[in-house]
Amino acid sequence: MYKGILHLHSYLPYLLFVGLIVSSLVFLVKLAGNKEFKPLDKTLALITLILAHLQFVAGLILYFISPVAQAARNAEDMMADPTHRLYAVEHITVMIIAVVLITIGYSRAKRQDSAKGKFKNLGLFYLLGLLVALSRIPWDAWLAS
């Protein structure tokens, strides 16, 4: 089970980041062009939201069962060691913030009546979520996998 969740958490971000980049670009371009909000736009937003939540759930499970995260949380010098701090505190905290931003964007867009409001919320919050997530990826471990 651990290996499967680890692989999911390692490879799903590729789909998620493509989804966030494509979604953000599509929504911001459509916002600038005063386009109509179509069912395909809603589907793109929903698929990206689902990918973000799947990634978060896999990461949350790993946070509690991964030997790397457990070692980081149990280290005496956790806050003094940048690697331990990244795995024990920073990564999970920042990823929670990223998923919350993506979710807020989707939720706010659902309540908007105008296409402009929907595109603005989706484009900006999805882009913010992407940028926040990129700030705390353990790049050395991720690129090695």
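Residues numbered from 1 in each chain as written. Predicted model: local features only at pLDDT ≥ 70, side-chain atom pairs only at ≥ 80, totals over all residues. Heavy atoms only, no water.

(A) Molecular detail of the pattern of salt bridges. In the structure shown here, the tally under the stated rule is three salt bridges. As a salt-bridge pair, Lys-30 and Asp-41 come within 2.7 Å of each other at their nearest N and O atoms. On the criterion of sequence distance, the pair formed by Lys-30 in helix 1 (residues 2-32) and Asp-41 in helix 2 (residues 39-65) is long-range, its members being eleven residues apart. Salt-bridge contacts for Glu-90 lead to Arg-85; the nearest nitrogen and oxygen are separated by 2.8 Å. A relative accessible area of 24% means that Arg-85 is categorised as partly exposed. Salt bridges linked by common partners bring Arg-85, Glu-90 and Arg-136 together as one network. (Salt bridge = Lys/Arg side-chain N within 4 Å of Asp/Glu carboxyl O. Helix = DSSP H or I, 4+ residues; strand = E, 2+ residues; numbered from the N terminus. Buried < 20%, exposed > 50% of the residue type's maximum accessible area, 1.4 Å probe, protein only.)

(B) Helix 4 (residues 82-111), seen in detail. Over its 30 residues, helix 4 runs 41 Å from end to end, which matches the ideal 44 Å to within 8%, given 1.5 Å per residue. At Glu-90, helix 4 is bent by approximately 40°, the largest bend along its length. N-capping of helix 4 is provided by Asp-81, with a side-chain oxygen placed 2.8 Å from the backbone N of Thr-83. (Expected span 1.5 Å × (residues − 1). Bend = angle between axes of the 7 residues up to and from the residue. Polar contact = N/O pair within 3.5 Å; in protein donor to acceptor, adjacent residues only side chain to side chain.)

(C) Examining the packing of helix 2 against helix 5 (residues 115-135) more closely. Contact pair helix 2 / helix 5: the axes reach a minimum separation of 12 Å and the direction vectors enclose 30°. Classified by the angle between their axes, helix 2 and helix 5 sit roughly parallel to one another. Crossing hand, helix 2 versus helix 5: left-handed. Of the residues in helix 5, those in contact with Asp-41, Ala-45, Thr-48 and Leu-49 of helix 2 are Phe-119, Leu-122 and Tyr-126. Tallied by class, the residues present in the contact of helix 2 with helix 5 amount to five nonpolar, one polar and one charged. (Axes fitted to C-alpha atoms, helices over the stretch in contact; angles between N-to-C directions. Parallel < 35°, antiparallel > 145°, perpendicular 65-115°, else oblique. Left-handed = near helix turned anticlockwise from the far one by under 90°. Contact = heavy atoms within 4.5 Å. Nonpolar A, V, L, I, M, F, W, Y, C, P; charged D, E, K, R; others polar.)

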